[in-house]
Amino acid sequence: MHKAVCGYEQTPIIFGGNNMLVNATEMLIKARDGHYGVPQFNINNLEWTKAVLTACEEMKSPVILGVSEGAGKYMTGFKTVAAMVDAMVDSMGITVPVALHLDHGTYEGCKACVEAGFSSIMFDGSHYSIEENVEKTKELVALAHSKGMSIEAEVGSIGGVEDGVVGNGEIADPAECAKITDLGIDFLAAGIGNIHGVYPANWKGLDFEALDRIHKATNNIPLVLHGGTGIPDDMIAKAISLGVSKININTECQLVFAEATRKYIEEGKDQQGKGFDPRKLLAPGAKAIEAKCKEKIELFGCAGKG
Ligand code: 13P
């Protein structure tokens, strides 16, 4: 089993019938102590998952597969996703540690993923008052830990483009971050001016002073950088040096997938021979995701860490 191969000390835990997954705690503690970042690549379908796993295995990198509630629904539900990922890790002979993580989960979504066999959850209570965020996070920490799962929580919402209006992303309050961290969560997403999607030209950049204050207030907990798409390489390096251990990438993989697929069709390749076969049609996009993942693994310094 890959846990033995990869040398992780984690006791194997069966997540809802699945046995090929690990939670994300150990990989993130190692990343924090080793000063590198573990990628969370979000997945959308089978081809996506296969491409990410292929890249991570080739680079010998640990990986967190992120699944948003929307993507989970698209794939017919969290149970399907958990069964697919577990079977793929097995069938592909993956030896690096793989965590299956709910991204920006609601309270109900978190509970559903615990049942479905995920190995990690994120509860995003950032839109609640801090009191309500604390109350719900606390309950979910107990539930996740009782199943051997890891849990991420969020303070200070991550911005993004909403109906064409660009939000710059909130800066989390270090005191609130400390309150949430003290609940026993395993890693913390704290807003430092990062946003989901492509950054606008007038983006002010990450607020490293805020990151430093948050890091100092949160007892060296592994920090999570959401909105990894388009953050310049030097900012990624600096964020890692200030306590970021997990970096989330979603949009960038979507963009390269779309670009490669468009090129294939524009070149008329779908009309040559059996080029319309989905295995051929989706191959350039999958290869593009693979290449993007490898590029990020190099950048985050986690090649060979799995
Ligand atoms: P991007 O889509 O900007 O890469 O952000 C991904 C993310 O943070 C998922 O939670």
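Residues numbered from 1 in each chain as written. Predicted model: local features only at pLDDT ≥ 70, side-chain atom pairs only at ≥ 80, totals over all residues. Heavy atoms only, no water.

Draft legend 1. Structural view of the overall build of the chain. Helix and strand counts for the chain stand at 13 helices and ten strands. On the principal axes, the C-alpha backbone points of the chain span a range of 60 × 45 × 35 Å. Out of the 306 residues belonging to the chain, those deemed buried represent 58%. Contacts in the chain between residues at least 24 apart in sequence constitute 69% of all its contacts with a sequence separation of at least 6. Just so you have it, the chain exposes about 13000 Å², and 54% of that area is on carbon and sulfur atoms. Distance from the positive charge centre (28 side chains) to the negative charge centre (40 side chains) of the chain: 5 Å. (Helix = DSSP H or I, 4+ residues; strand = E, 2+ residues; numbered from the N terminus. Buried < 20%, exposed > 50% of the residue type's maximum accessible area, 1.4 Å probe, protein only. Contact = heavy atoms within 4.5 Å. Areas by Shrake-Rupley, 256 points an atom, 1.4 Å probe, with all protein chains shown as cover. Lys, Arg positive; Asp, Glu negative; His and termini not counted. Charge placed at Lys NZ, Arg CZ, Asp CG, Glu CD.)

Draft legend 2. The nonpolar core, seen in detail. With 95 residues, the main nonpolar core has Val 52, Phe 118 and Leu 188 as its most contacted residues. When neighbours within four sequence positions are excluded, Leu 188 is seen to be in contact with Ala 153, Val 155, Cys 177, Ile 180, Thr 181, Ile 214, Thr 218, Ile 221, Pro 222, Leu 223 and Val 224. (Core = buried A, V, L, I, M, F, W, Y, C linked by side-chain atoms within 4.5 Å.)

Draft legend 3. Highlighting the site of the ligand. The ligand sits among 13 residues. The nearest are Asp 103, Gly 197, Gly 227, Thr 229 and Thr 251. One nitrogen or oxygen atom from the side chain of His 226 is found 3.0 Å from an oxygen atom belonging to the ligand. When isolated, the ligand has an accessible area of 300 Å², and the protein chains bury 97% of it. Across the shell around the ligand, the residue classes tally to two nonpolar, ten polar and one charged. (Near = heavy atom within 4 Å. Polar contact = N/O pair within 3.5 Å; in protein donor to acceptor, adjacent residues only side chain to side chain. Nonpolar A, V, L, I, M, F, W, Y, C, P; charged D, E, K, R; others polar.)

Draft legend 4. Region of interest: the state of the cysteines. Applying the stated rule across the entire model yields zero disulfides. Cysteine Cys 56 remains unbridged, with the sulfur of Cys 293 as its closest cysteine sulfur at 5.8 Å. For Cys 56, a relative accessible area of 0% puts it in the buried group. For Cys 302, which is in no disulfide, the shortest distance to another cysteine sulfur is to Cys 56 and amounts to 7.4 Å. (Disulfide = S-S within 2.5 Å.)

Draft legend 5. Structural view of the side chain of Glu 290. Of note, Glu 290 is situated in helix 13 (residues 283-300). Taking the relative accessible area as the measure of exposure, Glu 290 reaches 11% and is therefore buried. Not counting residues up to four positions away in its chain, the partners in contact with Glu 290 are Ala 51, Thr 54, Ala 55 and Glu 58.

Draft legend 6. Highlighting helix 7 (residues 130-146). Taking 1.5 Å of rise per residue, the 17 residues of helix 7 would be expected to cover 24 Å, and the 24 Å separating its terminal C-alpha atoms lies within 8% of that figure. Every buried residue of helix 7 is listed here: Ile 130, Asn 133, Val 134, Lys 136, Thr 137, Leu 140, Val 141 and Ala 144. Residues of helix 7 that are buried sit in contact with helix 6 (107-116), strand 4 (120-123), strand 5 (150-155) and helix 8 (174-181). A positive phi of about 75 degrees marks Gly 148, the residue just after helix 7. (Expected span 1.5 Å × (residues − 1).)

Draft legend 7. Summary view of the pattern of salt bridges. For the coordinates displayed, the defined rule picks out 16 salt bridges. Here Arg 32 and Asp 33 are joined by a salt bridge, their closest N and O atoms 2.9 Å apart. Owing to a relative accessible area of 21%, Arg 32 belongs among the partly exposed residues under this scheme. Where Lys 296 meets Glu 252, a salt bridge forms, and the shortest distance between an N and an O atom there is 3.0 Å. Taken together, the residues span a long stretch of sequence, with Lys 296 in helix 13 and Glu 252 in helix 11 (residues 251-266) at a distance of 44 residues. By sharing partners, the salt bridges in this structure join Glu 58, Lys 287, Glu 290 and Lys 294 into a single network. (Salt bridge = Lys/Arg side-chain N within 4 Å of Asp/Glu carboxyl O.)

Draft legend 8. The packing of aromatic side chains, seen in detail. Inspection of every chain in the model, using the stated rule, returns four aromatic pairs. Geometrically, the ring pair formed by Phe 123 and Tyr 128 is stacked, given 6.3 Å between the ring centres and 25 degrees between the ring planes. Residues Tyr 199 and Trp 203 carry aromatic rings whose centres are separated by 3.9 Å and whose planes lie at 40 degrees to one another, so their mutual orientation is tilted. Both residues of the pair, Tyr 199 and Trp 203, belong to the buried class. When the ring centre of Tyr 107 is taken as reference, the NZ or CZ atom of Lys 136 above it lies at 5.9 Å. (Phe/Tyr/Trp six-rings, centres within 6.5 Å; stacked < 30°, edge-to-face > 60°. Lys NZ or Arg CZ within 6 Å of the ring centre and 35° of its normal.)

So, to be careful, I would describe these as geometric facts and stop short of saying anything about function.
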